[in-house]
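# Structure assessment
For reference, the chains in residue letters:
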Amino acid sequence: MNSFIELQNIAKTYQTQDSQVELFDNINVTIEQGKATAIVGASGAGKSTLLLICAGLEQQSTGNVRYVSKGESRSIVQLKQNSGFIFQQFHLLPELNALQNVALPLKLRGDKHAEKNALCWLENVGLGARAKHKPNQLSGGEQQRVAIARSLSTQPEFIFADEPTGNLDEATAATITDLLFDLIHENQTGLVMVTHNTELALRCDNRLNLKQGSLNNYPVEELAYA
Ligand SMILES: Nc1ncnc2c1ncn2[C@@H]1O[C@H](COP(=O)(O)OP(=O)(O)OP(=O)(O)O)[C@@H](O)[C@H]1O
Ligand SMILES: [Mg+2]
């Protein structure tokens, strides 16, 4: 039975010193494991904030995030334990080599074979030979492959990605995208991805457009001719 995340009547408002920023309200959407969902929208629309709320990493102002795994309601803490993250800036730890970066979340959950499993994941992304290299010895695309290996190494139900190819050239972005989609299909992982890239959005099963505080399905035709 596939897991899902249900956003119920979600609103988010930021209170700053002298003003209130109302990002969105009344958002209702279900994110399913095994499906890829793209979140598109203009800069500043609130995409990253919505992604963090989906992942249980940012508190909504009102509404409820419901997480159901194996047929039962689970806590947001459990959602975080069953999730992986990929960011535009890769976010690898600079002092750790590729293997140690991938092994870290495994070690944190007490995996006695963390390094062995991490090496398997590095091999899955084609970087077995670069295990001992630190992030500054790797190209941007290679660093993102390490980040993908790290996000999938704990075999999460969901991966949350914020513009994962935003810092990469077109050819590298295409390679990374192929790799990511192959791996999520193989592992039946749910993907929620913020992207400005039309081709990437078209590869997802669902597209959601965040515009003027509302979230709506984005028809493929509209995107194709955007
Ligand atoms: N902690 C905060 N306090 C106040 N305002 C914030 C905070 N975090 C984000 N915002 C504001 O919320 C709005 C949406 O931010 P968000 O990063 O979610 O947008 P985005 O759609 O991801 O934009 P981009 O495409 O540029 O990444 C922005 O106007 C931002 O300034
Ligand atoms: Mg953003």
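Quick caveat: nothing in here was measured; it's all calculated off a predicted structure. (Residues numbered from 1 in each chain as written. Chains lettered and ligands numbered in written order. Predicted model: local features only at pLDDT ≥ 70, side-chain atom pairs only at ≥ 80, totals over all residues.)

### Some points on the overall build of the protein
Each helix and strand counted, the protein has eight helices and 10 strands in total. Relative to the globule expectation of 17 Å for 226 residues, the C-alpha radius of gyration of the protein, 18 Å, shows essentially globular dimensions. When the backbone C-alpha atoms are referred to their principal axes, the protein occupies close to 45 × 40 × 40 Å. Expressed as a percentage of its 226 residues, the buried residues of the protein come to 38%. Within the protein, contacts between residues separated by at least 24 positions form 69% of all contacts whose residues are at least 6 apart in sequence. (Helix = DSSP H or I, 4+ residues; strand = E, 2+ residues; numbered from the N terminus. Rg over C-alpha atoms; globule rule 2.2 N^0.38 Å. Buried ≥ 20, exposed ≤ 12 C-beta atoms within 10 Å, placed from the backbone. Contact = placed C-beta atoms within 7 Å.)

### Some remarks on the sheet that holds strand S2 (residues 20-32)
Spatial strand order, S2-S1-S4-S5: four strands in an open sheet with antiparallel pairing. Either end of the sheet is taken by a strand with one partner, and the two such strands are S2 and strand S5 (72-74). In this sheet, adjacent strand axes meet at a mean angle of 30 degrees when their direction is disregarded. Of the pairings in the sheet, the one linking strand S1 (residues 4-15) to strand S4 (residues 62-69) comprises six bridges and is antiparallel in character. In the sheet register, Ala11 faces S4, and the bridge partner there is Thr62. (Pairing = 2+ DSSP bridges. Axes fitted to C-alpha atoms, helices over the stretch in contact; angles between N-to-C directions.)

### Focus on the nonpolar core
Where a protein is soluble and globular, its nonpolar side chains tend to be buried together. If you look at the biggest cluster of nonpolar residues, it comprises 57 residues, and the most contacted ones within it are Ile39, Cys54, Val102, Leu122, Phe160 and Val192. Apart from residues no more than four positions distant in its own chain, Val102 is found in contact with Ala118, Trp121, Leu122, Val146, Ala149, Arg150 and Ser153. (Core = buried A, V, L, I, M, F, W, Y, C linked by C-beta atoms within 7 Å.)

### What to know about the pairing of strand S8 (residues 190-194)
Within S8, five of the five residues are buried, which leaves it mostly tucked inside the rest of the structure. Relative to S8, strand S3 (residues 36-40) runs parallel, the two being bridged by four bridges. Pairing of Thr37 across the sheet is with Val192, part of S8. Summarising the sheet, strand S7 (residues 158-162) and S8 pair through five bridges and their orientation is parallel. Bridged to Asp162 within S8 is Val194. With respect to chirality, the unit in which S7 leads through helix H6 (residues 170-187) into the neighbouring parallel S8 is right-handed. (Right-handed = clockwise from strand over helix to strand, strands pointing away.)

### Points about the environment of Asn2
Within the fold, Asn2 resides in the segment before S1. Note: C-alpha distance between Asn2 and Gly56 (54 residues apart in sequence) is 19 Å. Excluding residues that lie within four positions of it along the chain, Asn2 makes contacts with Glu32, Gln33 and Gly34.

### Some words on the pairing of S3
The element S3 is extensively covered by neighbouring structure, given that five of its five residues are classed as buried. Neither face of S3 is left uncovered, since the one carrying Ala36, Ala38 and Val40 and the one carrying Thr37 and Ile39 both have all their residues buried. Looking at chain direction, S3 and strand S9 (residues 206-211) are connected through four bridges and run parallel. Bridge pairing in S9 places Ala38 opposite Arg207.

### Comments concerning the packing of helix H3 (residues 98-108) against helix H5 (residues 140-153)
Orientation of H3 relative to H5, taken along the N-to-C sense of each, is 20 degrees, at an axis distance of 8 Å. Relative to H5, H3 is oriented roughly parallel. Here H3 and H5 pass one another in a crossing that is right-handed. Listed contacts from H5 to Ala98, Asn101, Val102, Pro105 and Leu106 of H3 are Val146, Ala149, Arg150 and Ser153. Considered class by class, the residues forming the contact of H3 with H5 number six nonpolar, two polar and one charged. (Parallel < 35°, antiparallel > 145°, perpendicular 65-115°, else oblique. Left-handed = near helix turned anticlockwise from the far one by under 90°. Nonpolar A, V, L, I, M, F, W, Y, C, P; charged D, E, K, R; others polar.)

### A short note on the site of ligand 1
Around ligand 1, the neighbouring residues are Tyr14, Thr16, Val21, Leu23, Gly41, Ser43, Gly44, Ala45, Gly46, Lys47, Ser48 and Thr49. Counting only elements with at least two residues in the shell around ligand 1, the list comes to S2 and helix H1 (47-54). (Near = placed C-beta within 6 Å.)

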